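# Results of the structural survey
Chain by chain, the residues:
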Amino acid sequence: MTAYLLRRIIQIIPTFIGATLLAFIIIQLSPGDFLTQLELDPKFTPETIARFRQQFGLSEPIWLQYLIWMKNLITGNLGYSFAYQAPVLEIIWPRILNSLVLVGLATVFLYLVAIPAGVFGATRQYTLGDQVVSFFSYIGLAVPSFFFALIIIFVLLQLKFHFQVLPFPIGGMTSSNYDSLTAWGKVGNVLWHAVLPAFVIVTADIAGLARVMRGQMLEVLSQDFVRTARSKGLADRKVIYKHAFRNAIIPFIATIGGLLPGLIGGAGLVEVVMNWPGITPLLLDAVGQKDIYVIVGFLTLTTGLLMIGNVLGDLLLAVVDPRIRYN
Amino acid sequence: MNKRWLILATLAVLGAGLGQAQVFTWPQKWTVAKPGEATPGGVLVGSTISDFRTLNPFTTAEATNIPTIMANGVGLARYDPTTAQQIPWMSTGWTVSNNGLVFTFDIRKGMKFSDGQPITSKDFITTWKIQADEKVGSNAYDGWYIADKPIILKALGDYKLQATFPSISATALEQMSFTPWPDHIFGPVYAKEGADGIKKMWSLTTPPAQIVSAGPFVLSGYRPGERAEFKKNPYYGEWNKDEQGNPLPYLDGQTVLIVKDTNADLAAFLSGKTDTYAPSTVDQVSQVKQAIGAGNLKATLKVNASPVASSQFIVFNWNKADNPFLQMVFRNVSFRRAMSELTDRKAAVDLVYGGLGFPTYGSVYPVLKQWVDPNIPRYEYDPKAAAQLLASIGFRSKDKDGWLVYSGSDKQFQGKRLEFTLTTNTGNNQREQLAQLFAKTAKEAGVKVNFAPVDFNTLVGQLLAKGDNRPFDAILIGLSGGGLAWPFGQNVVPCGTNLHMYNKSGSCLTPQETLMTALYFKGNQTLDFKQRVQIGYQLQQTEAQLQPIIYIAGPAYNPAWNDRTGGNHPDSILTATWGSRETELTFIKK
Amino acid sequence: MVRSAQAGASRSKSQGRIVWEQFRKHRLAVIGAAILAVLYLLAAFAGFFSVYTPDYYTLSPSYSYAPPTHVYWRDPQTGAWSRPFVYAINRQFDLNTLQNAYVEDRSTKYPIRFLVRTPEHPYSLFKIFHSDLRLLGVAAPARLFLMGSDNFGRDLWSRVVYGGQVSLTIGILSAAISFVLGLLLGGVSGFYQGTRLSLSPGWYTWLLEGTKGAGGWLVMLALSLAWGIVGVAVVRATLELVRLSTNGLERVIWIILGLLALALVLRIVLWRPLKIDPDDLIMRLVEIIGAIPTLFLLISLRAVFPLTLSPLFVFYLVVGLLGFIGWGGIARNIRGQVLSLREQDYVVAAKAQGASDLRVIIRHILPATASYVIVVLSLSIPGFILGESGLSFLGLGITEPYTSWGLLLKSAQDGGFASFTNRPWVLIPGVFIFLAILSWNFMGDGLRDAFDPRKRR
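Cut-offs and rules
Throughout this description, residue numbers start from 1 for each chain and increase along the sequence as written. Think of it this way: whatever chain is written first is A, whatever ligand is written first is 1, and the rest follow in order. Two thresholds apply to this predicted model, a pLDDT of at least 70 for residue-level local features and 80 or more for giving and counting side-chain atom pairs, whereas whole-chain, interface and lining totals are computed over all residues. Only hydrogens and water are set aside; all other atoms, that is, all heavy atoms of the structure, feed into the side-chain values. Numbering goes from the N terminus for both helices and strands, where a helix is a DSSP run of H or I of at least four residues and a strand is a run of E of at least two. The size measure is the radius of gyration over C-alpha atoms, and the globule rule it meets is 2.2 Å times the number of residues to the 0.38 power. Between buried and exposed lies partly exposed: a residue is buried under 20% and exposed over 50% of the maximum accessible area for its type, with that area taken using a 1.4 Å probe on protein chains only. Any pair of residues with heavy atoms lying within 4.5 Å of one another is described as a contacting pair. Method for areas: the Shrake-Rupley scheme with a 1.4 Å probe, in which residue coverage is limited to the protein chains shown. By buried area we mean the combined loss of accessible area, with a 1.4 Å probe, across both parts when two parts are placed together. Definition used for salt bridges: Asp or Glu carboxyl oxygen within 4 Å of a side-chain nitrogen of Lys or Arg. Any pair of N or O atoms that falls within 3.5 Å is considered a polar contact. Within protein, one atom must be able to donate a hydrogen and the other to accept it, and sequence-neighbouring residues count only if both atoms are side-chain atoms. What makes two strands pair is DSSP finding at least two bridges between them. Angular values range over 0 to 180 degrees, each being the angle between N-to-C directions of two axes fitted as lines to C-alpha atoms, with helices fitted over their stretch in contact. Boundaries between domains were set according to an automatic or database domain assignment. As a per-residue measure, pLDDT reflects the predictor's confidence and takes values from 0 up to 100. The term nonpolar core refers to a set of buried residues drawn from Ala, Val, Leu, Ile, Met, Phe, Trp, Tyr and Cys, joined through side-chain atoms within 4.5 Å. The criterion for a disulfide is a pair of cysteine sulfur atoms lying within 2.5 Å.

## Overview of the overall build of chain C
Looking only at helices and strands, chain C has 17 helices and 9 strands in total. Relative to the compact-globule value of 23 Å for 457 residues, chain C shows a C-alpha radius of gyration of 31 Å, a clear excess of over 25%. Dimensions along the principal axes, computed over C-alpha positions, put chain C at roughly 105 × 75 × 40 Å. Per-residue burial for chain C yields a buried fraction of 53% across its 457 residues. Nonlocal contacts in chain C, meaning residues at least 24 apart in sequence, comprise 70% of its contacts between residues at least 6 apart. Taken as a whole, chain C presents about 20900 Å² of accessible surface, with 69% of it coming from carbon and sulfur.

Here's what the structure looks like:
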């Protein structure tokens, strides 16, 4: 096991280089660079733009740009953002934290709802309850999240118009009086802002997760060891939770590694539509402007986390499922 | 220069007495508020679509940026929106040498930065030095050079500043209206570490307490991706007062929310979260109007207040060496006139801008009324006239699919179909719709227009390509910007410049281009406004003759504000050029 | 695989019949299948079901944002029943709302006609059959907008029907691509985990081994060449880094590091080959792709293909991109299952009996993953339909003149709240997305239970 762990950690290095190089190449393959947008501005002479290009190191060949970036990374420098004229980490870190709050809350919601829903569906297969639960979980899945977010905002506005109340804020992450709140008040304020976006994110994922859980649960419930346990007269509840549930959860553990980067990866388009100051709006801008080091710097962080997460996932898998051996 | 203002300013000095600041008085006519109506206090909440990138005034490049909000345009001179003339602001007046090259400014005494340090000529000099240093990479760099020759600034004592221009420039005063930044903060760093030191200063993580501003506001807080908060500069009110002598700004502060999504932006205004809003589509305007009409929102909306300072146009590529047929067609003025007559500007305004827009016929934005020549020929939508023009250059018959084919005098092009590709950038709905509309009206006249939007960067690459063979047929795009003093682009009009989009062979191909180039430089070197306007008219006439670019239309400026806020502009100056208000004169109703 | 007693008992019936009977028990699944059948039928015969060609509109008169046409069954004056008819409409501009308003011109009735010929608007079915026969139509100047019109005044119903062609096809094609990739790579990865593959020649070790064929030599030479390139790259990179170094110490460090790297390359070329587990290789690849958040991978990849000159090319591009994005997670899951399955007694037994790898994979391993595959496949098709709408939201999806439900929904989203309050009919494409996704999910659920013998009742 120790040897396996060591090997995995060593393997992180080529994966890491591969991922950053891939990201670098993909971004550089598309035409233009950060300065292209300036070229349509009558204020700038071509000489000025050429000088900027030189200053930003954008006139070097791509492989050399990558090499320089890698060299800086070794010294702990994730690169420099062209648009922000500041170190990348300084720019993306606060945004990642914001995303973390939102996605963290959403993930908690998700597991709290989806796993029980899946187990419920499996243990009461084909009953009315099963079908009602499936139906409602699918509704969230069937509406594109960006559109769902717009509907939510619209409903909020109508509430405001007709009843002069706003149960939840329209967009944003903190109230204007945030700085004057107590520590607990601040936490409450952020959570109050996060509830609706988290809800939108969760509705899109619940059906997927609940369904996989239901499928796994059904699969395990029909296996011999569960039948044996049942025939031995063990209580249904005990069979379900002690034997079946533990086995059904195995495939989830295989994907747990993806959770970490998912967490910092942000909530995607919901962040844009509901005006959450997370990482997605920042990265969309960065991609649009080709602010390459912001993108590559961000990917470096997610890659690192994903790989750590995956190693953890593999280990957990081995712990939960003794049939799996690593050697 | 304007003698009347010099006198007024001098009077103000006398009135203020010794030891006190020389006061700049904000005229009552810039606001609708009655004298004495304004009350101090309150915070104005606005929004911006893109994130703030830096606090550094020398490296900032965003359209809406923190240094500009803090400074609010404070400089030696400013425009009076009611007269469109420049008046002294941080100066008490200026003189111009007889040859028109040397400007000497008397800097107003008693002005202070937000940290209490006096503002003197040193601050202007340091700001100029840093901006004009190419290693800093400031967006303001190009402004300090005229045809590669620098403008030189010199301090004549603490309160006198001399600027020497390499050649006469119509935009000299605009250039000299730059905002000074504190020498006591940037000067020592620049002296010690040079450009690199300056670039590292005032990033988003710099504590707001270290930020200093000469303008009405100074940063008090920034939450990444969420909002920037500003508080008033207490020393600004010592030299900026209203006609009753109250210190300005009235506001205690200002908050700017960062709202990336346009629907969220609208929702913020409708729910009363933001005070000011500039809806850009008819749907947004209509939502605001309906909310006001239903009594759900107490706000004021000015529909169709003025055109915005930008317009959309189609440019044909004259440099197509590998396709001599299209090159011949695009270079033909009758063809371009026909295309102008196939552009249904009325339908464009109606469908694309939902009625809230203005047709455009020339390169000067309609909002710059004093510059638009009212007599330039307009080629309105007229498919019959267009068909005749096309027939006159050889497109008389149609093929079996109904497309026009060439049967003119040139033997090598016989039977060629009149077909070209029109591109614009993806993601810009209004441009895509304008292009689709043009393709449709052209189709009805038998001209085959293939519409294909491409990625913005690709589009720019194609547009700016140089030489005799460029990779596009026609592009639909828009430009914005352009000054009040001389609204023609320095790298748009003259042949061989970067944004001379239709012909980038490097030299003029038509006598009209040569004339326009000459007129551009002539106007730019004419100090007298009226003469300059006449040269501008002549330039527009030449352009209309040539029709190198088919101007289509631009949207309207429809400002809205929550009725909590007072002190907006009177309707006569409520335009895209001047905006809806002076922030200094804005107040929150109690 | 250990078959359950239940499945054994019903072996007398054919497999297809069992599946069908099971499927029918799942009520939601049957409803889903029926809805899907209708949707796919509409899309397949879009020309016939549409009223106009999807990009048809007129500028004078303009029908921008016309509401769904009111179809009358009774004369509004007399109240007498008649065959369905409509009135022509005239556009006005409502100055209070700044939106279009339409009034009916009640002077003439225009009956709705069935199975009409529209020679001015021909269409083709599957690009093969040409026709101009349409289910419904009215005579000009009246217009039949079953679901209203868009800002140009194009018939939304016709656009929805044609948009379905794109949206529904994208779902299936993208899912197919990602499943082929995922199953293949995940299966190989799980099955061969633990076996090691030589990635470099290691001449010394190789020469010491036994017999060598011509193929072996060829592989060795190719590998040597590849590593030669790596060696050159190392030298080049070292030189550049030395050039860019600012002080002597840094230079020395780079030279040492470069030499070390070169020594390593020489070692694996000449001495000990670099051996890699195919599982590691594939899983690292999955990690690399998975490390990049889907949204950014999509946007960045999409940006690589800028010359979107052919809208059809964009269509295939979107399909390919979506498919390419999806396979990583599937591969990882399949691998997890295969890892567990290959340790199962019956697989071990089959191997011990000398069954070939291929046979073990096809006969024993893949069938056992079927439940998972069907569940995830049925979940992923709607996922891709959603993905298409997400791309459209960002302006990176299908381009005009093609249309898709995602593109139509995006224009509703662009209209913002006006889409809700002033022209709710533009939200209808969203209903179609909703229906398609819901139905696919229900059907997948039903299929899953029906195919799996252990879950039958």
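There's more to say after this.
## A look at the side chain of B:Thr510
Residue and element names in this part refer to chain B. Within the secondary structure, Thr510 is located in the loop between β24 (474–480) and α14 (511–524). Judged by relative accessible area, which is 16%, Thr510 ranks as buried. In this view, Thr510 contacts Trp318 and Leu546; residues no more than four positions away in its chain are not counted.

## A word on the interface of chain A and chain B
On the side of chain B, 49 residues touch chain A, which itself brings 52 residues to the contact. Buried area between chain A and chain B, both sides added, is near 4200 Å², and the carbon and sulfur share of it is 53%. One can count 3 salt bridges joining chain A with chain B. Ionic pairing is found between A:Asp285 and B:Lys260, a salt bridge with its closest N-O pair at 2.7 Å. At the junction of chain A with chain B, the criterion picks out 12 residue pairs in polar contact (both at pLDDT 80 or more). Elements with a contribution of two residues or more to the side of chain A that touches chain B: α2 (46–55), α4 (88–123), α6 (145–163), α12 (269–273) and α13 (279–289) of chain A. Tallying contributions element by element places α13(A) first for the side of chain A that touches chain B, with 6 residues.

## Concerning the sheet that holds strand β2 (residues 81–94) of chain C
Residues and elements named next belong to chain C. Pairing in this open sheet of 3 strands is antiparallel, and the strands run β1-β2-β3 from one edge to the other. Two strands in the sheet have a free side with no partner beyond their single neighbour: β1 (72–74) and β3 (99–111). The average angle at which neighbouring strand axes cross in this sheet is 40°, direction not considered. As judged from the 9 bridges shared by β2 and β3, these two strands associate in the antiparallel manner. Paired with Arg91 across the strands is Tyr102, a residue of β3.

## Let's talk about the interface of chain C and chain A
Facing 67 residues of chain C, the contacting portion of chain A comprises 68 residues. Roughly 6400 Å² is buried in total at the junction of chain C and chain A, and carbon and sulfur atoms are behind 67% of that figure. If you look at where chain C meets chain A, you find 0 salt bridges. Between the two partners, chain C and chain A, sit 1 residue pair in polar contact (both at pLDDT 80 or more). By residue number, the principal contributor to the side of chain C that touches chain A is helix α17 (residues 428–451) of chain C, which donates 10 residues.

## Observations regarding the domain arrangement of chain C
All names here are of chain C. Segmenting chain C into domains produces domain 1 (13–44 + 155–196 + 278–457), domain 2 (57–153) and domain 3 (197–276). Measuring from the centre of the C-alpha atoms in domain 1 to the corresponding centre in domain 2 gives 37 Å. Buried surface at the junction of domain 1 and domain 2, both sides included, amounts to about 1300 Å², of which 61% is carbon and sulfur. Across the contact surface, domain 1 and domain 2 share 1 salt bridge. For Asp150, the salt bridge goes to Arg159, with nearest N and O atoms at 3.7 Å. For the interface between domain 1 and domain 2, the tally reads 4 residue pairs in polar contact (both at pLDDT 80 or more). Where the side of domain 1 that touches domain 2 is concerned, the elements lending two or more residues are α5 (156–191) and α17. Ranked by residue count, the leading element in the side of domain 1 that touches domain 2 is α5, at 4 residues.

## A word on the pairing of β24(B)
Residue and element names in this part refer to chain B. Where burial is concerned, most of β24 is hidden: 6 out of the 7 residues are buried. The sheet contact formed by strand β22 (residues 419–423) and β24 spans 2 bridges and is parallel. Among the inter-strand pairings, Thr423 is bridged to a residue of β24, identified as Ile475.

## What about the confidence of the model for chain C?
Residue and element names in this part refer to chain C. Here chain C averages 80 in pLDDT, while 90% of its residues score no lower than 70. Across chain C, element-level confidence peaks in helix α3 (residues 27–44) with a mean pLDDT of 90 and bottoms out in helix α1 (residues 5–9) with 42. Predicted confidence for residues 1–11 stays below pLDDT 50, and this span has 11 contacts to residues more than four positions away or in other chains. Of the two predicted TM-score estimates for the complex, the pTM is 0.83 and the ipTM is 0.79.

## Observations concerning the nonpolar core
Residues and elements named next belong to chain B. Residues Leu153 and Met176 are the most contacted members of the largest nonpolar core, which totals 246 residues. Once residues within four sequence positions are removed from consideration, Met176 is found in contact with Leu76, Phe105, Trp144, Leu153, Leu161, Ala163 and Phe165. By size, the runner-up hydrophobic cluster in this structure holds 84 residues, among which are Ile393, Phe438, Phe451 and Val533.

## Overview of the sheet that holds strand β5 (residues 91–96) of chain B
Residue and element names in this part refer to chain B. Strand order in this open sheet of 4 strands is β5-β6-β10-β9, and the pairing throughout is antiparallel. In the strand order of this sheet, the two ends are held by β5 and β9 (152–155), each with one partner. The mean angle between the axes of side-by-side strands here comes to 20°, regardless of whether they run parallel or antiparallel. For β5 and strand β6 (residues 102–107), the ladder comprises 5 bridges, and the chain directions are antiparallel. By the bridge assignment for β6, Ser91 is matched with Ile107.

## Here's the deal with the state of the cysteines
Residues and elements named next belong to chain B. Summed over all chains, the structure comprises 1 disulfide over all chains. Cys495 shares a disulfide with Cys508; S-S distance 2.0 Å. Between Cys495 and Cys508 the disulfide shows an S-S torsion of about 110°. By sign, it is right-handed. Within this pair, whereas Cys495 is found in the loop between β24 and α14, its partner Cys508 is found in the loop between β24 and α14, the two being separated by 13 residues in sequence.

## What about the pattern of salt bridges?
All names here are of chain B. Enumeration according to the criterion identifies 28 salt bridges over all chains in this entry. Its salt-bridge partner being Glu229, residue Arg227 comes within 2.9 Å of it at the nearest N-O pair. Across the pair, Glu229 and Arg227 agree in class, each one buried. Of the charged contacts, one joins Asp401 and Lys400 as a salt bridge, the two residues approaching to 3.8 Å between their closest N and O atoms. On the basis of relative accessibility, which here comes to 47%, the residue Asp401 falls in the partly exposed class. You can call Lys400 exposed: its relative accessible area is 79%. Here the salt bridges do not stand alone but share partners, grouping Asp399, Lys400, Asp401, Arg417, Glu419 and Lys448 into one network.

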